[in-house]
Amino acid sequence: MAECGAAGCSSLQADSKAGYVLSTVAEVVERILTFIPTKALLRIAGVSRLWRNCARRVLKTQQKISWLSASGSSRYEEHVLLGTMEEGLEEIYLLPHTALLMVDSEHFSGHNGSYRHKKARKCQDEDGLDAMDRLRHLLPKSCDILWIVTPGIVLTPPRLPCSCPQEFMEGEAGFSLLFPAMEGVHIRPFHFCKKNLNQTSLEEAGLVGNPDLKVVLLFGYDAYKSGAARFLNQLLEPLAHSNVLIAGGHVEKAFPQHRDCCSPGSFGVMGLALSGSRIQGASVLLDQDVSSPKAAEVTIRRLKAADIPERNTIGFMFACVARGHNHYNNQHNVEADTFHKVFPGVPLFGFFGNGEIGCDRIVKENYTLSETDANGLQHGYTTVMSLVHLG
C-alpha cells in the first residue's frame, strides 16, 4: 500500500509540475501550440490569458499558403470540393484571410452544388448562393471568398507540393487556395460590373494609383454578351501599361462574396489584387503553335529566367478549353507535367476556360518586363503559365 501511495504521490507531483509549466512558461506552451491545427487552436485559446497570447503569436507565424483539392464523385448531394473542405479545414495550419475556389461547371449544379437529379436543377446563380452560404459557415467570417466555375480544372493534390499536378478537362474536380494574412503582402478582392466600373472604384480596389501593386489575377464571366469586350478593355487598359503581372481568363460563372450591384445575368470581372514589396511574379504565353511536349517545355523553362524563389510560390495555369489532350495529339496532362518537371516544388492551380488573359512578363524587384496593350493581353487557344511568389 505504501508503494502504491508513493507511486500515486510521484504521479501527482509530475502532474503538478506539468500543470505549472503549461500555465506559466510561455515558450513551452507556444511550442506545443504550433503542432495543433488552427481550428482546434482557436478553440483551446480560451484556456487562459497565457494560452490566448501564445495562440495569437502562433497564428502570426502561419505565413504560408495552403490549399485543399479534390476530384472524383462526392459521397454527398454536393460538389466533392465542399465535402473535402468541411473535413480538411479541421486539419490546416493557418487562419484563412482570402479563399480562391474553382470547380468544374459540369458537376456544379443543383441544390448546394449537387450534380445529381438533373431534372430538379435550379439555375446556377442559385447554386452559387447556396455554396457561398455553406462556405460562410466553413470559413471565418472575416475571410474574403471568390468562387469560380469553369469548364475544366488544374490542381495539385493537397499538402504535397512535390506531387504532380493534374489536368481535369472532364470529371468532377475543384480546389481552394487559402491565403493567410501575410506580413508585407496585401491581398484585396475586387468585383466590377457595368454599374460600378469607374476611376474611383479602380482606385479603391488598388488597381490604379497603387505603386505597391505587383500581381492581378482576374476572371471575366459572361464575356460573350454584348458590351462585355468593351467593358474588359476598360479595365485592362490601365493595367496593361503598368508594371504589374496580369493573369487570368474567361470563366463560366463567378460568385464574389458580395454581388448586390449586379443585375441577374450581367457580365463582369472579379479577381485579386496582390500588393507588397515581397511579391514577385513571372508569366509566359504558350501560343497556338506550341503543340508538343518539347515545345511546351522550351516555353515554360523561360520562367526560370526570372529566378523566382520556389518557397511560398504558386503556379497558375490558365488554358483554353480547346487545349489539353485535344491539342497534344491525345497526350494527357502535358502542360501540367512539364511545369512539374521544371518546378517540382511548386504547386500548380488553374482552369481550362473560354479565353486567356496574360502575356510574357516578369515583375521582380526593380526589373519589370512589360510591353503590351489591352488587346495584347487577350488570347484564344493559348495557355498563360505564371509564377507568383509571396515572400
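Reading the values: rules and limits
- Residues numbered from 1 in each chain as written.
- Predicted model: local features only at pLDDT ≥ 70, side-chain atom pairs only at ≥ 80, totals over all residues.
- Heavy atoms only, no water.
- Helix = DSSP H or I, 4+ residues; strand = E, 2+ residues; numbered from the N terminus.
- Expected span 1.5 Å × (residues − 1).
- Buried < 20%, exposed > 50% of the residue type's maximum accessible area, 1.4 Å probe, protein only.
- Arc of directions from axis to C-beta.
- Pairing = 2+ DSSP bridges.
- Axes fitted to C-alpha atoms, helices over the stretch in contact; angles between N-to-C directions.
- Contact = heavy atoms within 4.5 Å.
- Salt bridge = Lys/Arg side-chain N within 4 Å of Asp/Glu carboxyl O.

Visitor: I'd love a proper account of helix α4 (residues 49–61), names of residues and values included.
Guide: In a regular helix each residue adds 1.5 Å, so 13 residues correspond to 18 Å; α4 covers 19 Å between its end C-alpha atoms and thus fits that length. All buried positions along α4 are accounted for by Leu50, Trp51, Cys54, Ala55, Val58 and Leu59. Within α4, the buried residues cover an arc of 165° as seen down the axis, which keeps them to one side. In α4, the exposed positions angled more than 90 degrees off the buried face are occupied by Arg49 and Lys60.

Visitor: Tell me about the sheet that holds strand β10 (residues 253–256), and please be specific about residues and values.
Guide: Here five strands make up an open sheet; going across it, the order is β1-β6-β2-β3-β10 and the pairing mixed. Looking along the sheet, the strands with just one partner apiece sit at the ends: β1 (66–71) and β10. When the angles between neighbouring strand axes are averaged without regard to direction, this sheet yields 10°. Alignment of strand β3 (residues 144–150) against β10, held across four bridges, turns out to be antiparallel. What sits directly across from Ile148, in β10, is Ala254. Most of the contacts of helix α5 (residues 80–88) go to β1, to which it runs at about 140°, and overall it touches β1, β2 (96–104), β3 and β6 (173–180).

Visitor: Kindly report on the pattern of salt bridges, identifying the contributing residues and their values.
Guide: On inspection of all chains with the given rule, the structure shows 10 salt bridges. In this structure, the salt-bridge partner of Glu297 is Lys341, at a minimum N-O distance of 3.0 Å. Placement of Glu297 in helix α9 (residues 293–300) and of Lys341 in helix α10 (residues 334–342) is noted, with a sequence separation of 44 residues between them. Across the pair Asp360 and Arg302 runs a salt bridge whose closest N-O atoms are separated by 2.4 Å. With Asp360 in the loop between β15 (356–357) and β16 (361–364) and Arg302 in the loop between α9 and β13 (313–320), this residue pair connects regions lying 58 residues apart in the sequence. Connected through salt bridges with shared partners, the residues Lys39, Arg43 and Glu90 form a single ionic network.

So yeah, pure geometry; function would need other evidence.
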